[in-house]
Every structure is written in C-alpha cells, then in structure tokens.
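Each chain, letter by letter, is given below.
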There are 2 protein chains.
Amino acid sequence: MPGHGRRTIAEVGEQWLVERIQRAVRHSATGDVAVIGDDAAILPALRGARHPMVVSTDVLVEGTHWRGGHLTPAQLGRRALVANLSDLAAMAATPRWFMLGLAMPPSQPVAWFQGFLRGLMRAADEFDCPLIGGDLVRAPVVSISITICGQCHTARPARRDAAHPGDTVCLTGDIGRARLALDVLDDRSRPQRGGARIIAKHRHPVPRLSEASALARGGAVRAMIDISDGLISDIGWICRLSGVGAEIDLAALPVAPVVRRCLADRGEDCMTWAASSGEEFELLLTTRRRPEDLRALLRDEGIRTPITPIGRITSGRRVRWTRAGHPVAPPRNGLFRHFSQG
Amino acid sequence: MPGHGRRTIAEVGEQWLVERIQRAVRHSATGDVAVIGDDAAILPALRGARHPMVVSTDVLVEGTHWRGGHLTPAQLGRRALVANLSDLAAMAATPRWFMLGLAMPPSQPVAWFQGFLRGLMRAADEFDCPLIGGDLVRAPVVSISITICGQCHTARPARRDAAHPGDTVCLTGDIGRARLALDVLDDRSRPQRGGARIIAKHRHPVPRLSEASALARGGAVRAMIDISDGLISDIGWICRLSGVGAEIDLAALPVAPVVRRCLADRGEDCMTWAASSGEEFELLLTTRRRPEDLRALLRDEGIRTPITPIGRITSGRRVRWTRAGHPVAPPRNGLFRHFSQG
C-alpha cells in the first residue's frame, strides 16, 4: 500500500488495521476454523461433545482500559476475566478455561499482585472457568492478556452476522451506568443518590452467561453481540456483518433510572448519551420471537434480568434512529477509540 | 503473607509469583485440565481426534524481549510465532491455530505494522498454523501476546516431569549462537567469520517441530523441554519436576563451532557460557533409547538435525556437572530474569 510508509497507525485507524489482518488471514487460513470478526473464533467440537468451541482474546492495558483509583487490584482481576466471559456470553457459550499473559513493571507492589490474583481467581471460581496456564513478563506498564475458551450450548454459536430483516432487536439489563461510572469516579458527576449502583457496573460487572445460555438453548437468538463499544457501534457491527439495516427507537432504550436522573440534572439527553456507553457487558440480540417469549425463557431458569425490545432489523443497509416513531439524526458515538480514524 | 505489603515483585522474584499462581490454581481448578508448570497446558482430545490438545501463551514486550535494530518488523513477527511453536514442539504437538493480542502506541509506523503482519503470517503459512482471532489495543510500548493451540502426536504429551534415573539426556542442534547473536548485534563481539550464521539463530529461528514429532511418534521421548531460559535453568526444571537429578558433561555440549572460535578469541570458556544461552529453541530431552536410535528416527523422516547425548538422569535430586569425567563447580546462570530473585 504505497503512501503508508511514513504514516502512523493512529492516522490510518483501527478499522484499517483490522481489515489488513483479515485480508492476511483470508490468504493464509486453512481448515475448519472460523474467520476473524466476531466476539470469538469458532473451533470444532471436543471429543464426546456435540457442539463447537469458541476462543476469544482480550488485552487490557493500564491507562488505556483502567486507571489507578478506579478499581482495587481485586476488582481489576475480576473485571479482566468478566470482559472475556462477556465475549463467550455473546457467542452463547459456557466458559471452559483461560490462559493469562501478565506483564508488570518490576516496581509493582506484591500487594497489588496478590489482590489482582485473588479477584481473578474468585471470578474463575464463580464462573467455573479455571486458569490453565500463561506467561509472566516484565513491561513498563501493567497489561493483562486473557485468552478464553468456551463450549457452545447449541450446534450454531450466536454470531454477529446472522440478523434477518423483520427480527426484533432486544437488549438485556440496562445501559448508561458504565459510562456514568467513569464520570462519577473522575468526579465529573456527583449523583445525589444511587452512586454505589452506578459505580458497581464498573467495579463489579456481571457477564450475561446464564441469560445467553437460556435464550440460545430456547432457540430465541438469531444474531448476538455484547455491548462493549456502545450500542451505536455494536448495532453497526451486526448490520454490517449481516448485510441488513435496523431501526432503533431511542425512546425505548432501557436507560437506568439513576442515569436518567443524573443526566436530567446535567441538562443532557440521556438516550443518545447512553447509546455511546461502552463496556456495559449487556447482550444486544436479534430474534424472530416475541420479547415476552424471551422473558419466559429467562423466567423458566429463575433469571429476572429485563429484556427490552428497542427496534427491528430492516432490509436496508442503514441504521435509522427514531424517537417514539419520529426519525431523528443518528446519535454521534462519543466513545474512546484505540487508534483514531485518520 | 504478612510483610509483603510494601515489597515490590522484583524483591520477591519470579519463582515466588509463579508459586502463588500455582497455589491459587490448585485451590480453584476443576475438571480435566492439566496443572500449570509445563511448556503448555494439556486439554482433552477434539471430537474425531485420538490425542489431547495443548495450549501455550507467550508475551513478548519491546525492550524486554527485543530491541529495535536487532530485528526487522517481519523478523519480529516470525520470531513471535516461533517462540510459541517451540513450546508446542517441547510438548510433541503439531500446531493447530493461534490468537494474537497486539498492543501498540498510536505513533507506531504503519510500515512497521505491515512488516510485522507479513512476517507473522508467512510463519503461520510455513508451519500451517492459522491466526484465528485476537485483539488490537493501544499501549505505551509494543507488546505481542500469542496463545497457541496444538494437537499431540501421542496419547501422552511430552512433559517436563517424566524423566527417570538412567535416562540419557540429549540436545538437538547446537547451542551458544542465540546468546552470541545478541553480543554481535550490540557490537560487543566482532567475529571474523560466521557472523551471518550466528545472527540467523536470533533473526530466523526454527522451531524443532518435525524433530519432536518424529522422536515422540517413535516412542523415544521421556521428558522434554525447549531451551528458552538456557540449559542450566531448563535441566533444572526437568529435574525439579521429575524428582530426579542429572549429571551433565560440559565437554559434551554441542556448542556451535563459530561460538567456540569466538569465545576462544575472547579467552572465555565456551561450554559454561553456552550453558547460559537462552532462546535457542532447541529441544532438551531424556530418553531410554540409545542416541543412535534417535538419530535413526530422524533420518527415517529425512531430518538431518544432530542429536547429542550430554549426560544422564540420576536418582539424586541435584544436577552435577562434569568435564570429561571430572566433577566441576556448577556453572552460574548468566541469564536475564524478568523479576530478579529477592
């Protein structure tokens, strides 16, 4: 690609880099492994198992993905694993094992390491996902690289590219708290009440593993992704990869009440704001079934997580946004990008 | 552990950290996955396959594992994969797939990224090991985290803990060039000839995959490890984990002729020096069979890699060093440690 010789990766942007990797993979990939571009890669079934395996890697870097003071070492350990577990949930898989690559400066306190390990291993126990190996190296900043493997609940994992026109678009849980938590922790927002509930979404996130399992086993999931880059970006992924469009009703978004109050105090529109809230670890899915059928599937398993219909998949290629039936301008994504678009 | 509250990880050392992780894993691990402490973790067989899978993670950090100028981006891409392939070789497994976690500063040149990807994917093609997914993130320095999965050639992977008293200890290839390459690249050593052959061991390393496969399928391998921390350290691993000792003859070490000449010019003892040479990616193995039987197994597959007997496994717990039959003091390991011992 002439002309790129002196440019930096920040100038070409993340999407360009990912496409270069995808092209290189298409030229090289052999055999029975899935293409890159979903929450996880898909592998053949284990001996004795009926369904495929999925594998996912997430790297978290100090300063990029978390800041000192926002999380205790134990909370960070938990959060690192949950980010990966959420990718498995998005594929409708149950965790099997993970590998840990941990890079630290030599000056890192032992107490930090012990706290991190405690939080990580408690989460490993809680979600029945043993650590099976890894690597420990020296680096100028802490970074945590986790590769996680899961077993699918069904013969076809829940992929991003499987949405059909006419599908209902649904969200689990609520959105907005993850973004507001960073404002509260940075003292940019001072909620009168509900502060603990806001911060909990950042410090003690919960992956939607049992929800994904119940919905997938019930045959209710067509396409699925977890909200990690924010709704605006993640619905875009589903539409692009499925070759479809969507119509999303901003007024229907399940924005947490505590976020509505806080944003009202600040005079901001909580709907467009929450549509840019990343690392929510909620599931965004499309389904042929009625929302009440999905709720019944969860209820049968004793799960009380809300399911909210927020729009539908269309045959166009665009994502159109409405507010209670009236078209509105697409909200801008106010989210962090690893490498800004040139 | 009281008293560690204010200490740094450099003070307690790498071994202490690894033991803490192993303890935490023993308290938590469930099911059919292997314990931490070998070149790779061992997993159950895939459907349709007879033998187990192995998984390994390696993290390479700029400044710690390589320095600019020592490697082109393409050489670095190759080397990153080879370091992982060598771990699979040490388990007697054939590569199946890998995941890539790549962290880079936004200022990283696009040309660097393209070169790295080219070298990485060429190696992926050469060793038939497709990239199946990963993560791309921002960080202050480049770091490369690879998780690789392989399929074992036999029902029992080649582990570190399987050496028996009476086994012969053998090395593939030659040692010393990997360490000397760094001296040459840093201009601390100026060989009169053979410079290219020395540097090749650093810039274009070759994993001993076909050697490991031929030896394991021939039933010739008892315990095996790849030389990544240097012979002194790696024979120590086999002995500790197998509960045995060893007697190693320094005079028998297959030190590359070009290293012998260079060290003679410098007035240093090449044998003890080469015993501290890390990242050789050679195989250190123990066997009940005669060295000529091992050579025949390789010859049958058209492989001409030398196999050198360097000692034997003993029933004690110590590694004793001799030189042509005479006991000598154990050589000191002059190698880099990620976190120095306190």
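Definitions and limits used
- Every chain is numbered independently, its residues counted from 1 as its sequence is written.
- Chain A is the first chain written and ligand 1 is the first ligand written, with later ones labelled in order.
- Given that this is a predicted model, residues contribute local features only at a pLDDT of at least 70 and side-chain atom pairs are listed and counted only at 80 or more, while totals for whole chains, interfaces and linings are drawn from all residues.
- The side-chain values count all of the structure's non-hydrogen atoms but skip hydrogen atoms and water molecules.
- The way it works is that DSSP assigns letters per residue, a run of H or I at least four long becomes a helix, a run of E at least two long becomes a strand, and they are numbered from the N terminus.
- Every radius of gyration here is taken over C-alpha atoms, with the globule rule written as 2.2 Å times N^0.38, N being the number of residues.
- Only protein chains enter the accessibility calculation, which uses a 1.4 Å probe; a residue is then buried when its area is under 20% of its type maximum, exposed when over 50%, and partly exposed in between.
- For the purpose of charge, His is not counted, nor are the chain termini; Lys and Arg are scored as positive and Asp and Glu as negative.
- Each charge is placed at NZ for Lys, CZ for Arg, CG for Asp and CD for Glu.
- Only strands that DSSP links by at least two bridges are regarded as paired with each other.
- To get an axis, a line is fitted to the C-alpha atoms, and for a helix only the part in contact is used. The angle between two axes follows their N-to-C directions and goes from 0 to 180 degrees.
- Should any heavy atoms of two residues lie within 4.5 Å, those residues are counted as being in contact.
- Nonpolar cores were defined as sets of buried Ala, Val, Leu, Ile, Met, Phe, Trp, Tyr and Cys residues, with membership established by side-chain atoms within 4.5 Å.
- The start and end points of each domain follow an automatic or database-based domain assignment.
- Salt bridges are defined as contacts in which a side-chain nitrogen from Lys or Arg sits within 4 Å of a carboxyl oxygen from Asp or Glu.
- Note: buried area is the sum, over both parts, of the accessible area (probe 1.4 Å) each one loses when the two are combined.
- Within 3.5 Å is the distance limit for a polar contact, defined as a pair of N or O atoms, with the added protein rule that one can donate a hydrogen and the other accept it, and that residues adjacent in sequence qualify only through two side-chain atoms.
- By convention in this document, the label disulfide applies to cysteine sulfur atom pairs within 2.5 Å.
- A helix's residues, less one, multiplied by 1.5 Å, set its expected span.
- The criterion for an aromatic pair is that two Phe, Tyr or Trp rings (for Trp, the six-membered ring) have centres within 6.5 Å, with stacked assigned to planes under 30 degrees apart, edge-to-face to planes over 60 apart and tilted to the rest.
- Note on angle classes: values under 35 degrees are labelled roughly parallel, values over 145 roughly antiparallel, values of 65 to 115 roughly perpendicular, and the remainder oblique.
- Each residue is assigned to one class: nonpolar for Ala, Val, Leu, Ile, Met, Phe, Trp, Tyr, Cys and Pro, charged for Asp, Glu, Lys and Arg, and polar for all the others, Gly among them.

S.K.: Explain the overall build of chain A to me, please; I cannot follow it from the model alone.
M.R.: Counting secondary structure elements, chain A contains eleven helices and twelve strands. For 342 residues, the compact-globule estimate of 2.2 N^0.38 gives 20 Å, and chain A sits close to it at 20 Å. For chain A, the C-alpha atoms occupy an extent of roughly 55 × 55 × 55 Å along the three principal directions. Looking at the 342 residues of chain A, the share that counts as buried comes to 59%. Here chain A contributes 45 positively and 35 negatively charged side chains, and the mean placements of these two sets differ by 2 Å.

S.K.: What is the right way to look at unusual backbone geometry in this model?
M.R.: Excluding glycine, a negative phi dihedral is what most residues carry, and trans is how most peptide bonds are arranged. Within the chain, alanine 92 of chain A stands out as a residue other than glycine whose phi angle is a positive 60 degrees. Inspection of the secondary structure puts alanine 92 of chain A in the loop between α3 (73-90) and β3 (93-104). A relative accessible area of 1% places alanine 92 of chain A in the buried class. With phi around 60 degrees, phenylalanine 281 of chain B is a residue other than glycine that occupies positive phi space.

S.K.: In this structure, what is going on with the sheet that holds strand β6 (residues 168-172) of chain A? I would like to understand it.
M.R.: Paired through backbone hydrogen bonds, the strands of a sheet run either parallel or antiparallel to each other. All names here are of chain A. Spatial strand order, β7-β9-β6-β10-β8-β11-β12: seven strands in an open sheet with mixed pairing. Every other strand in the sheet has two partners, leaving β7 (224-226) and β12 (326-328) as the edge strands with one partner each. On average, adjacent strands in this sheet sit at an angle of 30 degrees to one another, irrespective of strand direction. Contacts from helix α11 (residues 291-300) reach β6, β9 (283-287) and β10 (307-314), with the element oriented near 135 degrees to β10.

S.K.: Mind showing me how you'd approach the nonpolar core here?
M.R.: It is characteristic of soluble globular proteins that their nonpolar side chains tend to be buried jointly. Formed by 65 residues in total, the largest nonpolar core has its most connected members in Leu81, Phe98, Leu100, Leu102, Phe113 and Ile144 of chain B. Lining this core are residues from two domains, each supplying at least three of them: domain 2 (39-152) and domain 3 (168-328) of chain B. Non-local contacts of leucine 102 of chain B, meaning those with residues more than four positions away in its chain, are made with Trp112, Phe113, Phe116, Asp135, Leu136, Val137, Val142, Ser143 and Ile144 of chain B. Listed in part, the 64 residues of the second largest apolar core include Val82, Phe98, Ala124 and Leu297 of chain A.

S.K.: Sorry if this is basic, but what is going on with the pattern of salt bridges here?
M.R.: Oppositely charged side chains are able to pair whenever their charged atoms sit close together. Inspection of every chain in the model, using the stated rule, returns 46 salt bridges over all chains. One salt bridge connects aspartate 293 of chain B with arginine 289 of chain B, and the closest N-O pair in it is separated by 3.9 Å. One network of salt bridges, in which partners are shared, links Arg67, Asp183, Asp186, Arg188, Arg266 and Glu268 of chain A.

S.K.: Would you mind showing me how to read the domain arrangement of chain A here?
M.R.: For an interface, size is often stated in terms of accessible area lost upon the parts coming together. Residues and elements named next belong to chain A. We note that the domain assignment places domain 1 (53-152) and domain 2 (168-328) within chain A. With centres defined by C-alpha atoms, the gap from domain 1 to domain 2 works out at 24 Å. At the boundary of domain 1 with domain 2, total buried surface from both sides reaches about 1700 Å², with 57% on carbon and sulfur atoms. On the domain 1 side of the interface with domain 2, the three residues burying the most area are His70, Arg78 and Arg79, jointly 35% of the side's total. The partner of glutamate 279 in a salt bridge is arginine 79, with the nearest N and O atoms 2.7 Å apart. Counting across the domain 1 and domain 2 interface gives nine residue pairs in polar contact (both at pLDDT 80 or more). If you list the elements that add at least two residues to the side of domain 1 that touches domain 2, you get α3 and β3. Of the residues forming the side of domain 1 that touches domain 2, the biggest block, eleven residues, is contributed by α3.

S.K.: Help me understand the state of the cysteines in this model?
M.R.: Put plainly, a disulfide is one covalent bond tying together the sulfur atoms of two cysteines. Under the counting rule described, the total for this entry stands at zero disulfides over all chains. For the unlinked cysteine cysteine 262 of chain B, the closest cysteine sulfur is that of cysteine 270 of chain B, found at 11 Å.

S.K.: Quick question: what am I supposed to make of the pairing of strand β9 (residues 283-287) of chain B here?
M.R.: The side chains of a regular strand alternate, residue by residue, between the two faces of the sheet. Residues and elements named next belong to chain B. Of all five residues making up β9, five are buried, and the element is well covered by its neighbours. Residues Leu283, Leu285 and Thr287 line one face of β9 and the alternating positions Leu284 and Thr286 line the opposite face, and both faces are buried. Across four bridges, strand β6 (residues 168-172) lies against β9 in antiparallel orientation. Residue pairing in the sheet places cysteine 170 in a bridge with leucine 285 of β9. The pairing of strand β7 (residues 224-226) with β9 spans three bridges and is classified as antiparallel. Bridge assignment links isoleucine 225 to a residue of β9, and that residue is leucine 284.

S.K.: How should helix α4 (residues 110-126) of chain B be read in this particular structure?
M.R.: Because the α-helix completes a turn every 3.6 residues, residues three or four places apart line up on one side. All names here are of chain B. Taking 1.5 Å as the rise per residue, α4 with 17 residues should run 24 Å; its terminal C-alpha atoms sit 24 Å apart, in good agreement. Taken together, the buried positions of α4 are occupied by Val110, Trp112, Phe113, Gly115, Phe116, Leu117, Gly119, Leu120, Met121, Ala123 and Ala124. Phi turns positive, to about 55 degrees, at aspartate 128, one or two residues after α4.

S.K.: Mind showing me how you'd approach the environment of glycine 77 of chain A here?
M.R.: All names here are of chain A. Positionally, glycine 77 belongs in helix α3. Residue glycine 77 is classed as buried on the basis of its relative accessible area of 0%. Between the alpha carbons of glycine 77 and leucine 185 there is a distance of 18 Å; along the sequence they are 108 residues apart. With residues near it in sequence (within four places) discarded, glycine 77 still touches Phe116, Gly119 and Leu120.

S.K.: Sorry if this is basic, but what is going on with the packing of aromatic side chains here?
M.R.: Aromatic ring pairs are defined here through the distance separating the ring centres and the angle between the ring planes. Residue and element names in this part refer to chain A. Summed over the entire model, instances satisfying the criterion amount to two aromatic pairs over all chains. Judged by centre distance (5.2 Å) and plane angle (5 degrees), the rings of tryptophan 112 and phenylalanine 116 are stacked. With tryptophan 112 and phenylalanine 116 both in helix α4 (residues 110-126) and four residues apart, the pair spans about one turn of that helix. The exposure class assigned to tryptophan 112 is buried, which follows from its relative accessible area of 13%. Overall, the relative accessible area of 0% leaves phenylalanine 116 in the buried class.

S.K.: What am I meant to see in the packing of helix α5 (residues 177-185) of chain B against helix α6 (residues 195-203) of chain B here?
M.R.: In helix packing, the relevant descriptors are the interaxial angle and the interaxial distance, both defined with respect to the helix axes. Residue and element names in this part refer to chain B. It is the contact of α5 with α6, at a shortest axis distance of 8 Å, that shows an interaxial angle of 105 degrees. Here α5 is positioned roughly perpendicular relative to α6, judged by the angle of their axes. On α6, the residues touching Arg177, Ala178, Leu180, Ala181, Leu182, Val184 and Leu185 of α5 are Arg197, Ile198, Ile199, Lys201, His202 and Arg203. Here the contact of α5 with α6 is built from residues that sort into eight nonpolar, one polar and four charged.

S.K.: Any chance you could explain the sheet that holds strand β8 (residues 245-249) of chain B here in plain terms?
M.R.: All names here are of chain B. Strand order in the open sheet formed by seven strands is β7-β9-β6-β10-β8-β11-β12, and the pairing between neighbours is mixed. Edge positions in the sheet fall to β7 and β12 (326-328), since each has one partner strand and no second. Sheet twist, expressed as the mean angle between neighbouring strand axes with direction ignored, is 30 degrees. Seen against the sheet, helix α3 (residues 73-90) touches β7 and β9 and runs at an angle of roughly 170 degrees to β7. Sheet contacts for helix α11 (residues 291-300): β6, β9 and β10 (307-314); angle to β10, the most-contacted strand, approximately 135 degrees.

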